[in-house]
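Examination of the molecular architecture
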Amino acid sequence: MDANEILDYCLAKKGVEETFPFDKETLVLKVGGKMFLLMALEKQPLSIAVKTDPEWSEELREKHPQITGAYHMNKTHWNSVLCEGLKRDLILKLIDSSYDLILNSLTKKKREEVLNLL
């Protein structure tokens, strides 16, 4: 997958916004004002950071050398994913999981606001 495919996939989800809070090269995608994906646009090969359930993180890191604890993030909850060599389905599953974890962490009111967006 390339950066545009990932961006299009994420932007198709409800309430997703694109931001550049750190610098001009690190795209941060948020839902309900909270980060669920970071992507270094200038870095090759393409790498993303996603939030993952800690137990699943351990399993993923054991199976896939492309998945490691995310740099500058809580490595228990965030993974750096080198997209090269990973199946598209796994990348999409990681994105979906990260989005869902963040969405479910929002207050009920905020979550309803996001889900009721047209």
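Our focus in this paragraph is the overall build of the protein. Counting its regular elements, the protein contains four helices and six strands. The C-alpha atoms of the protein give 14 Å as radius of gyration, which agrees with the globular expectation for 118 residues (13 Å, within 12%). Here the C-alpha coordinates of the protein stretch approximately 40 × 30 × 25 Å along the principal axes. Expressed as a percentage of its 118 residues, the buried residues of the protein come to 40%. Sequence separation of 24 or more characterises 49% of the internal contacts of the protein that already satisfy a separation of 6 or more. Accessible surface, the protein as shown: approximately 7100 Å² in total, 50% of it carbon and sulfur. When the 17 basic and 19 acidic side-chain charges of the protein are each reduced to a single mean position, those positions are 6 Å apart.

Turning our attention to the pattern of salt bridges. Under the criterion given, the structure shown has four salt bridges. One salt bridge connects D96 with K13, and the closest N-O pair in it is separated by 2.7 Å. Here K13 lies in the loop between α1 (3–11) and β1 (16–19) and D96 lies in helix α3 (residues 88–105), a separation of 83 residues in the sequence. Between E59 and K63 there is a salt bridge, and its shortest N-O distance comes to 3.8 Å.

Hydrogen bonds between backbone groups are what pair the strands of a sheet, and the pairing can be parallel or antiparallel. Spatial strand order, β1-β2-β3-β4-β6-β5: six strands in an open sheet with antiparallel pairing. Since the sheet does not close on itself, it has two edges, and those belong to β1 and β5 (67–69), each with one partner. Averaged over neighbouring strand pairs, the angle between their axes works out to 25 degrees when direction is ignored. Here strand β2 (residues 26–31) pairs with strand β3 (residues 34–40) via six bridges, running antiparallel. Within β3, the residue paired with L29 across the bridge is L37. Each of β1, β2, β3 and β4 (47–51) touches α1; the most contacted strand, β3, lies at about 165 degrees to it.

The next subject is the packing of aromatic side chains. Where two aromatic rings form a pair, the distance of their centres and the angle of their planes describe that pair. Applying the stated criterion across every chain, the model contains one aromatic pair. Aromatic side chains F36 and Y99 sit 5.4 Å apart centroid to centroid with 85 degrees between the ring planes, which places their arrangement in the edge-to-face category. Of this pair, F36 sits in strand β3 while Y99 sits in helix α3, placing them 63 residues apart in sequence. Each member of the pair F36 and Y99 is classed as buried. Here the basic side chain of K13 rests over the ring of Y99, its NZ or CZ set 5.0 Å away from the ring centre.

Cut-off values and rules
Residues numbered from 1 in each chain as written. Predicted model: local features only at pLDDT ≥ 70, side-chain atom pairs only at ≥ 80, totals over all residues. Heavy atoms only, no water. Helix = DSSP H or I, 4+ residues; strand = E, 2+ residues; numbered from the N terminus. Rg over C-alpha atoms; globule rule 2.2 N^0.38 Å. Buried < 20%, exposed > 50% of the residue type's maximum accessible area, 1.4 Å probe, protein only. Contact = heavy atoms within 4.5 Å. Areas by Shrake-Rupley, 256 points an atom, 1.4 Å probe, with all protein chains shown as cover. Lys, Arg positive; Asp, Glu negative; His and termini not counted. Charge placed at Lys NZ, Arg CZ, Asp CG, Glu CD. Salt bridge = Lys/Arg side-chain N within 4 Å of Asp/Glu carboxyl O. Pairing = 2+ DSSP bridges. Axes fitted to C-alpha atoms, helices over the stretch in contact; angles between N-to-C directions. Phe/Tyr/Trp six-rings, centres within 6.5 Å; stacked < 30°, edge-to-face > 60°. Lys NZ or Arg CZ within 6 Å of the ring centre and 35° of its normal.

Interpretation note: all reported values are geometric properties and have no functional meaning in isolation.
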